[in-house]
Amino acid sequence: MLNDPRAAVRLVREIEGIALRLAPRRVTLMEVCGTHTAVIVKSGLRRLLPKNIQLVSGPGCPVCVTPPGLIDAAITLAGRPRVILVTFGDMLRVPGGGGSLEAARAGGADVRVIYSPTELFALARENRSSRIVFFSAGFETTAPSVAWTLMQAERSGIENLFVIAANKLLPPALEVLAQAPDLRIDGFICPGHVSAIIGASAFEAVARTHHVPAVVSGFEPVDILLAVLMLLRQVQAAKALVEIAYMRAVTFGGNRRAQVIIRTVFKRVDSEWRGFSLIPDSGLGFTKGYARFDAVMEAGMAVESGRPAPGCMCGEILRGVKSPEECGLFGTTCTPETPIGPCIVSSEGTCAAHYNQKTAGIDDF
Ligand code: SF4
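All values derive from a computational prediction rather than experimental measurement.

Let's shift gears to the sheet that holds strand β9 (residues 242-244). Sheet architecture is open: 5 strands sit in the order β2-β1-β7-β8-β9, paired in parallel fashion. Looking at strand neighbours, the two that pair on one side only are β2 (53-60) and β9, the edges of this open sheet. The average angle at which neighbouring strand axes cross in this sheet is 25°, direction not considered. When strand β7 (residues 187-191) meets strand β8 (residues 214-217), the two strands line up parallel, connected through 4 bridges. Within the sheet, the bridge partner assigned to Pro191 lies in β8 and is Ser217. Packing against the sheet, helix α12 (residues 221-236) makes contact with β1 (27-33), β2, β7, β8 and β9, and its axis sits at approximately 165° to β8.

Below you can see the structure in the form of structure tokens.
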């Protein structure tokens, strides 16, 4: 069923039927997640949809929404003596206000890439005279493993491990987008992996309070088509509910154990997102019992807002008000080899997805 082209055709026909009945109304649906964007662009889903159904990309790339000031803070920390700065690979090349962690490494800083937070144990044990600083950017998907790692570190008495807490929470950002005057969103396609942790009910405020329907989707093209169809049915019926088009992995309640682990180590804090101003309760800071792991506090640093590069439209792209082709730097000054903004670096970045298609000679629109 998931890879069955006949299922895709059936879904597209149903979508066309509703789109025709809604015409000339234009319906704008936002795929929040960067992985969804990559699937949509790669599989050419936009071209399959009727003209009055528009998909726009949202802020679901964790590396992309990390503000430049925090990247600058990580670079500063990496430059201090006896510090090993650790991060996931995508973050390495993301430009802050003045350089990247990759450039810092080329300049002599000890910057390393890990694939799982559990690798931090070995690093901390093998480098006891150094401070291990983990730059933790991510959404609710990675927060449980980071929190679990810190719980184990606390139990094991590991004292040289610190974390730059840059994890963010998606529902508050969707509430901001649902109210954005320059972007009339008719429905959200919500990320399956985030929802597997927090549960689909986490998007109820978006639907109930802001009257924008939300459907949780999986990551196959057919999953996304099903989510589009479910959203259009709601639009047609003037409903705003949270629904799940990914029942094989997501429930309304989510993973309770993972939620407890997150709450043990982290608490909700206001957080700055690239392209947005401060979003209340949209980030994860440390609870009292885990405050000693806070790398920024331990270093006595103040994190500035930082500035994106001149001409970079990543902020507008992350809010869904512009597409990569509208950025004057796209594919000329800014390429994956010479990134000006984060959206072309990360595999979940909207500009990266479009650039890959463009260089393959495929026009997504
Ligand atoms: S093309 Fe580059 S500079 Fe322009 S929005 Fe995308 S990442 Fe930012």
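Let's shift gears to the pairing of strand β10 (residues 266-272). The sheet contact formed by β10 and strand β11 (residues 278-286) spans 6 bridges and is antiparallel. Its bridge partner lying in β11, Glu272 is registered against Leu278. Where β10 hands over to β11, the hairpin turn is made up of 5 residues, of which Gly275 adopts a positive phi near 90°.

Burial along β8 is two-sided: the face carrying Ala214 and Val216 and the face carrying Val215 and Ser217 are both buried. One ladder, built from 3 bridges, connects β8 with β9; its direction is parallel. Residue pairing in the sheet places Val215 in a bridge with Glu243 of β9.

What follows concerns the site of the ligand. Close to the ligand lie 13 residues; Cys312, Cys314, Cys327, Cys334 and Cys351 are nearest. For the shell around the ligand, the class distribution of residues is 12 nonpolar, 1 polar and no charged.

A word on the domain arrangement of the protein chain. Partitioning the protein chain into domains gives domain 1 (5-61 + 170-244) and domain 2 (68-169 + 255-299). A straight line from the C-alpha centre of domain 1 to that of domain 2 covers 31 Å. Facing 15 residues of domain 1, the contacting portion of domain 2 comprises 17 residues. When domain 1 packs against domain 2, close to 1,100 Å² is buried across both sides, 75% of that on carbon and sulfur atoms. Looking only at domain 1, the three residues that lose the most surface to domain 2 are Leu170, Pro172 and Ile197, adding up to 46% of its buried area. Counting across the interface, domain 1 meets domain 2 through 0 salt bridges. At the boundary of domain 1 with domain 2, the tally comes to 4 residue pairs in polar contact (both at pLDDT 80 or more).

Another aspect to go through is the pattern of salt bridges. Inspection of the entire model under this criterion finds 9 salt bridges. Of the charged contacts, one joins Arg233 and Glu14 as a salt bridge, the two residues approaching to 2.8 Å between their closest N and O atoms. Of the two residues, Arg233 sits in helix α12 while Glu14 sits in helix α1 (residues 5-22), which places them 219 residues apart along the sequence. Take Glu14: its relative accessible area is 40%, and that puts it in the partly exposed class.

Attention shifts here to the side chain of Arg46. Secondary-structure assignment places Arg46 in helix α3 (residues 45-48). Taking relative accessible area as the criterion, Arg46 reaches 12% and is therefore assigned buried. Among the polar contacts listed, one links the side chain of Arg46 to the side chain of Ser57, at a separation of 3.4 Å.

Next up on the list: the sheet that holds strand β3 (residues 83-87). Pairing between the strands of a sheet is mediated by backbone hydrogen bonds and can be parallel or antiparallel. Taking strand neighbours across the sheet as the criterion, the 4 strands line up as β4-β3-β5-β6 in an open arrangement whose pairing is parallel. If you trace the sheet from one side to the other, it starts and ends with β4 (110-113) and β6 (161-167), each paired once. On average, each strand axis in the sheet is inclined to that of its neighbour by 20°, with strand direction left out of account. Inspection of the sheet shows strand β5 (residues 131-138) paired to β6 by 7 bridges, in the parallel sense. Paired with Phe135 across the two strands is Ile164, which belongs to β6. Against the sheet, helix α7 (residues 119-126) contacts β3, β4, β5 and β6, and its axis sits at roughly 160° relative to β5.

Calculation notes
- Residues numbered from 1 in each chain as written.
- Predicted model: local features only at pLDDT ≥ 70, side-chain atom pairs only at ≥ 80, totals over all residues.
- Heavy atoms only, no water.
- Pairing = 2+ DSSP bridges.
- Helix = DSSP H or I, 4+ residues; strand = E, 2+ residues; numbered from the N terminus.
- Axes fitted to C-alpha atoms, helices over the stretch in contact; angles between N-to-C directions.
- Contact = heavy atoms within 4.5 Å.
- Buried < 20%, exposed > 50% of the residue type's maximum accessible area, 1.4 Å probe, protein only.
- Near = heavy atom within 4 Å.
- Nonpolar A, V, L, I, M, F, W, Y, C, P; charged D, E, K, R; others polar.
- Domains from an automatic or database assignment.
- Buried area = accessible area lost by both parts, 1.4 Å probe.
- Salt bridge = Lys/Arg side-chain N within 4 Å of Asp/Glu carboxyl O.
- Polar contact = N/O pair within 3.5 Å; in protein donor to acceptor, adjacent residues only side chain to side chain.

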